[in-house]
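A look at the structure
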Amino acid sequence: MKESAIKGFDAEFRDLDHYIRVITDRIWEGRRIDDIHRYYSDDCAVETPSSVSIGVQPVIDGTRATLAAFPDRRLLAEDIIISGDEDGGFLSSHRILSPMTHAGAGAFGLPSGKGVLVRTIADCVCVNNRIVHEWLVRDQAAIARQIGLDERDVAQRWLNERGGFSKPAMPAAPAPYVSFIDQSELAQTYAALYQHLWTSGDASKLAVSRQSFHEGVIAATPGGETQVGVNALARFWSTVTASFPDAQFEVEHLVANQREGRATSIAMRWRAHAVHAGTGRYGVPSGQHVEVLGISHADFEHGRIVREWVLMDDVAIWMQVLKPQVHPV
């Protein structure tokens, strides 16, 4: 019998990158949805910006629901940025670009027949041939806009359908996995950039820092938007942080991958807690407490960011802004 190249994983997999690509292809491209039982643990927890689920059945149900609305959906891997090891567990930060057609009824309403291109990043803890914990952020606003809807209106409809916004706490990842925080200079510089971005109240000066960004940086941002150049990126972040002037920011996962012949790629999962107290991307202040779960990828060349992908779910943010106020009795 052939020995596995990764301890605890099937022998067919050369490394974690290969594992993630193969199982994604089987489940989604091959429509082998029952393989989710094989590649997800029975008690896998999955967090999105608007939900937490426990168990393999919600993963299967969510997959079937997505394919019912977007039956030709594809999952094209843009990058997989890896941390961890065989003993403590790996984490794959998998950036995916999905072309698809809104051809069925579902969360986004009746089919529009329109084509959609949407990006997702999934952070998956992988142990012994299975995904045991996952954080997933999809650009839901990009879907809404491309089928002719406004993300604010989608958020209000989902609030109405779900009876408000209620999200349980995400349980800790199973031991012995511990979230990786890269101590390398480049990774720490990237984390500090976001820390300053969310807490300084001065996004415009931050984003035009020539020490951090290449002049011609290209950044994918929520809503399917693309920011070209540091000034455009500065304007985007200014509208976000203006909405949340007193945010608390934390890094949950951070790793830099140096790969021969390629830019150094960094993956960072982060979370901001704030009160919607300012006028910006999310309208007039509501006074609501908001949690922003984000995952960012960045390519560095010669110590500066040349490409960046910022994944936040604007629909989930709007749901928290618009949720009914709870007043004490």
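Just above sits the structure.
Now for a description of the structure that goes with this document.

A count of helices and strands for the protein gives nine helices and twelve strands. Rg of the C-alpha trace for the protein: 20 Å, near the compact-globule value of 20 Å for 329 residues, within the 12% margin. Going through the 329 residues of the protein one by one, you find that 54% of them count as buried. Considering only contacts in the protein between residues 6 or more positions apart, those separated by 24 or more positions represent 65%. A total accessible area of about 14,500 Å² is found for the protein, and carbon and sulfur atoms account for 51% of it.

All right, on to the sheet that holds strand β3 (residues 76-85) then. Strand order in the open sheet formed by six strands is β2-β1-β6-β5-β4-β3, and the pairing between neighbours is mixed. Every interior strand has two partners, whereas the edge strands, β2 (51-54) and β3, have only one. When the angles between neighbouring strand axes are averaged without regard to direction, this sheet yields 15 degrees. Bridge count between strand β1 (residues 40-48) and β2: four bridges; the pairing is antiparallel. Residue pairing in the sheet places Glu-47 in a bridge with Val-52 of β2. Each of β1, β2 and β4 (89-101) touches helix α3 (residues 56-69); the most contacted strand, β1, lies at about 60 degrees to it.

Following the sequence through the fold, Asn-129 ends up in the loop between β5 (115-127) and β6 (130-138). Its relative accessible area of 7% is what places Asn-129 among the buried residues. If sequence neighbours within four positions are ignored, Asn-129 has contacts with Gly-8, Phe-9, Asp-10, Phe-13, Tyr-19, Arg-38 and Tyr-39.

Now for helix α9 (residues 314-322). By the criterion of burial, α9 is predominantly enclosed, with nine of the nine residues buried. Those residues of α9 that sit buried are Asp-314, Val-315, Ala-316, Ile-317, Trp-318, Met-319, Gln-320, Val-321 and Leu-322. For α9, the elements touching its buried residues are α4 (140-146), α5 (151-162) and β11 (289-301).

What follows covers the side chain of Gln-227. Here Gln-227 is to be found in strand β8 (residues 225-228). Residue Gln-227 is classed as buried on the basis of its relative accessible area, which comes to 11%. For Gln-227, the side chain forms a polar contact with the side chain of Thr-221, separated by 2.9 Å. The residues contacting Gln-227, other than those within four sequence positions of it, are Val-217, Ile-218, Ala-219, Thr-221, Ala-232, Leu-233 and Phe-236.

As a further point, take the sheet that holds β8. Ordered by their spatial adjacency, six strands build an open sheet running β8-β7-β12-β11-β10-β9, and the pairing between neighbours is mixed. Two strands bound the open sheet, and with one partner strand each, they are β8 and β9 (248-257). Neighbour-to-neighbour, the strand axes of the sheet open up by a mean angle of 15 degrees, direction not taken into account.

Criteria and cut-off values
- Residues numbered from 1 in each chain as written.
- Predicted model: local features only at pLDDT ≥ 70, side-chain atom pairs only at ≥ 80, totals over all residues.
- Heavy atoms only, no water.
- Helix = DSSP H or I, 4+ residues; strand = E, 2+ residues; numbered from the N terminus.
- Rg over C-alpha atoms; globule rule 2.2 N^0.38 Å.
- Buried < 20%, exposed > 50% of the residue type's maximum accessible area, 1.4 Å probe, protein only.
- Contact = heavy atoms within 4.5 Å.
- Areas by Shrake-Rupley, 256 points an atom, 1.4 Å probe, with all protein chains shown as cover.
- Pairing = 2+ DSSP bridges.
- Axes fitted to C-alpha atoms, helices over the stretch in contact; angles between N-to-C directions.
- Polar contact = N/O pair within 3.5 Å; in protein donor to acceptor, adjacent residues only side chain to side chain.

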